[in-house]
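Understanding the architecture of this molecule
Take a look at the letters that make up each chain.
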Amino acid sequence: MRVLSFGVVAALLASGVAAQSDLVSLLRHGTAYRQQGDLNLAIETLAGAMQQASDAKLKARIASELGVAYYQAHRYELAEPLLKQAYRDASDPAERMRRAIDLGNLHAARGQAAEAVRYYGEAREQRDADPSTAVSAALNLARMAPENERLPRLAALALEIAQVIDSRERARYYLNLGHQARVLGTPALRLAYETLEQARR
């Protein structure tokens, strides 16, 4: 990614007339700021880019990232309309799966379990579009399942995670599963140990 200084980013936002390529750069920088934990700068950058974007697909991508940034900042009332817009405007099934998980996470954070399960379930049903994202949906569903259902769900998911191609995603999913298994106590300790070991490889 071409690195823009903060001053250049600020100038692009202030100009009000950023070109399409500059808006893509702002999107990438806003995403990077969010991933680094600088949520205020991420929100400022993405909100400015959103105001200037006219291309529908680009605007949907910016809306998605801005919605996730607001969600991570616990500004749920601002996150929801943006995440719903991104979900509605998703250009393909895999993108729609990811946006459904974002909405599931939002509803889970708000304590709205039924809505969270609905969105996670929709993402899971579209597993052929993106098997890796489907694992993420299934891990969330396992977390929200009744306690007596969690261990068999997690054990089945361990086999599915082994098929994830991307090593970083695979490790992240193993860590998630291992932590979920560990809190289930003695019956799940072996699964927790095995999956946490897999995550380290």
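Since the structure is predicted, the reported quantities are computational estimates derived from the model, not experimental observations. (Residues numbered from 1 in each chain as written. Predicted model: local features only at pLDDT ≥ 70, side-chain atom pairs only at ≥ 80, totals over all residues. Heavy atoms only, no water.)

**What about the overall build of the chain?**
Of the regular secondary structure elements, the chain holds eleven helices and zero strands. Reading the helices (α) and strands (β) of the chain from amino to carboxyl end gives α-α-α-α-α-α-α-α-α-α-α. When its C-alpha atoms are laid out on the principal axes, the chain stretches across 60 × 35 × 30 Å. Summed over all atoms, the accessible surface of the chain reaches about 10,800 Å², with 51% contributed by carbon and sulfur. Mean positive and mean negative side-chain charge positions of the chain (26 and 23 charges, respectively) differ by 2 Å. (Helix = DSSP H or I, 4+ residues; strand = E, 2+ residues; numbered from the N terminus. Areas by Shrake-Rupley, 256 points an atom, 1.4 Å probe, with all protein chains shown as cover. Lys, Arg positive; Asp, Glu negative; His and termini not counted. Charge placed at Lys NZ, Arg CZ, Asp CG, Glu CD.)

**Here we look at the pattern of salt bridges**
Enumeration over the complete set of coordinates arrives at 14 salt bridges. For glutamate 160, the salt bridge goes to arginine 124, with nearest N and O atoms at 2.7 Å. With glutamate 160 in helix 9 (residues 147-161) and arginine 124 in helix 7 (residues 113-125), the pair connects residues that are 36 residues apart, well separated along the chain. The partner of glutamate 197 in a salt bridge is arginine 200, and the shortest N-O contact between them spans 2.8 Å. Of this pair, glutamate 197 and arginine 200 are both found in helix 11 (residues 189-200), three residues apart, which corresponds to roughly one turn of the helix. Taking the relative accessible area as the measure of exposure, arginine 200 reaches 62% and is therefore exposed. (Salt bridge = Lys/Arg side-chain N within 4 Å of Asp/Glu carboxyl O. Buried < 20%, exposed > 50% of the residue type's maximum accessible area, 1.4 Å probe, protein only.)

**Focus: helix 4 (residues 56-72)**
Compared with an ideal rise of 1.5 Å per residue, which puts 17 residues at 24 Å, helix 4 spans 24 Å between its outermost C-alpha atoms and is within 8% of the ideal. All buried positions along helix 4 are accounted for by Leu58, Ala60, Ile62, Ala63, Ser64, Glu65, Leu66, Gly67, Val68, Ala69 and Tyr70. Buried residues in helix 4 make contact with helix 2 (20-35), helix 3 (39-52), helix 5 (76-88) and helix 6 (93-109). Between the side-chain oxygen at the start of helix 4 and the backbone nitrogen of lysine 57 there is a gap of 3.2 Å, and the oxygen is on aspartate 55. Histidine 74 lies just past helix 4 and shows a positive phi near 65 degrees. (Expected span 1.5 Å × (residues − 1). Contact = heavy atoms within 4.5 Å. Polar contact = N/O pair within 3.5 Å; in protein donor to acceptor, adjacent residues only side chain to side chain.)

**Concerning the environment of alanine 108**
Relative to the helices and strands, alanine 108 resides in helix 6. Judged by relative accessible area, alanine 108 falls into the partly exposed class, the value being 23%.

**Digging into the side chain of asparagine 140**
Here asparagine 140 lies in helix 8 (residues 131-144). At a separation of 3.0 Å, a polar atom in the side chain of asparagine 140 contacts the main-chain carbonyl oxygen of serine 136. A distance of 2.5 Å separates the side chain of asparagine 140 from the side chain of arginine 143, its partner in a polar contact. With residues near it in sequence (within four places) discarded, asparagine 140 still touches Ile101, Asn105 and Tyr120.

**Let's talk about the layout of surface pockets**
The computed volume of the largest pocket comes to approximately 780 Å³. Elements supplying a minimum of two residues to the lining of the largest pocket: helix 2, helix 4, helix 6, helix 8 and helix 10 (167-182). Among the elements that line the lining of the largest pocket, the one with the most residues is helix 4, at six residues. When grouped by side-chain class, the residues that make up the lining of the largest pocket number seven nonpolar, ten polar and nine charged. (1 Å grid on protein atoms, 1.4 Å probe; cavity = no way out; pocket = protein on both sides within 12 Å on 5 of 7 lines; lining within 4 Å. Points joined across faces, edges and corners; volume = space filled by probe spheres on them. Nonpolar A, V, L, I, M, F, W, Y, C, P; charged D, E, K, R; others polar.)

**Notes on the environment of valine 117**
Tracing the backbone shows valine 117 in helix 7. Sequence spacing of valine 117 and alanine 137 is 20 residues, and the spatial spacing of their C-alpha atoms is 9.2 Å. The contacts of valine 117, once residues within four sequence positions are left out, are Leu141 and Met144.

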